[in-house]
Amino acid sequence: MSNTTQKLEISRKEIDLIENALHTQSKILRVQADAGGDDATARLNDVKRVLAAIAAQRTEKPARPRRSGGLAGLLRMMGQTG
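All values derive from a computational prediction rather than experimental measurement.

Criteria and cut-off values
Residues numbered from 1 in each chain as written. Predicted model: local features only at pLDDT ≥ 70, side-chain atom pairs only at ≥ 80, totals over all residues. Heavy atoms only, no water. Salt bridge = Lys/Arg side-chain N within 4 Å of Asp/Glu carboxyl O. Helix = DSSP H or I, 4+ residues; strand = E, 2+ residues; numbered from the N terminus. Buried < 20%, exposed > 50% of the residue type's maximum accessible area, 1.4 Å probe, protein only. pLDDT = per-residue confidence, 0-100. Axes fitted to C-alpha atoms, helices over the stretch in contact; angles between N-to-C directions. Parallel < 35°, antiparallel > 145°, perpendicular 65-115°, else oblique. Left-handed = near helix turned anticlockwise from the far one by under 90°. Contact = heavy atoms within 4.5 Å. Expected span 1.5 Å × (residues − 1). Arc of directions from axis to C-beta.

Student: Would you explain the pattern of salt bridges in this entry?
Tutor: Two side chains with opposite charge may pair up if their charged atoms get near one another. On inspection of all chains with the given rule, the structure shows three salt bridges. A salt bridge links D16 to R58; the shortest N-O distance between them is 3.0 Å. Here D16 is found in helix α1 (residues 12-34), whereas its partner R58 is found in the loop between α2 (38-57) and α3 (70-77), with 42 residues between them in sequence. The exposure classification of D16 matches that of R58, with both residues buried.

Below is the structure:
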């Protein structure tokens, strides 16, 4: 990851969408890392750093990720549905 910073104009809704996608990605990477994937562990650490940076720069409470049970939740977690 690069240490250079860049300012972007992103709406609150877009930031929430990015943050939710990163949370989903971290869940997937956590499973892969638990299965012994060294690359997944490194990537998971990168994702966690980005999530921490987003949280640190928020001016208001973050939107809680939606949690769905059953098949719909599993498919959503796997990125198969919107």
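Student: I'm lost on the confidence of the model for the protein chain in this one. Help?
Tutor: When pLDDT drops low, the exact placement of atoms in the prediction is not to be read closely. Of all residues in the protein chain, 74% have pLDDT values of 70 or greater, and the mean over the chain is 82. Confidence scores differ between elements of the protein chain, with α3 showing the lowest mean pLDDT of 69 and α1 the highest of 94.

Student: Looking at this structure, how should I read the packing of α1 against α2?
Tutor: Each pair of packed helices can be described by the angle between their axes along with the distance between the axes. Here α1 crosses α2 at 155°, and the two axes come no closer than 9 Å. As the angle between them shows, α1 and α2 are arranged roughly antiparallel. The element α1 and its partner α2 pack so that their crossing is left-handed. On α2, the residues touching I15, E19, L22, H23, Q25, S26, L29, R30, Q32 and A33 of α1 are A40, T41, R43, L44, V47, K48, V50, L51 and I54.

Student: Sorry, what's going on with α2 here?
Tutor: Because each turn of an α-helix spans 3.6 residues, side chains separated by three or four positions in sequence point in the same direction. For α2, built from 20 residues, the straight-helix expectation of 28 Å at 1.5 Å per residue is met to within 8% by its first-to-last C-alpha distance of 29 Å. Within the sequence span of α2, burial applies to A40, L44, D46, V47, L51 and I54. Relative to the axis of α2, the buried residues are bounded by an arc of 165° and lie together on one face. The exposed set on the far side of α2, more than 90 degrees from its buried face, consists of D38, A56 and Q57. Check the buried side of α2 and you find it contacts α1.

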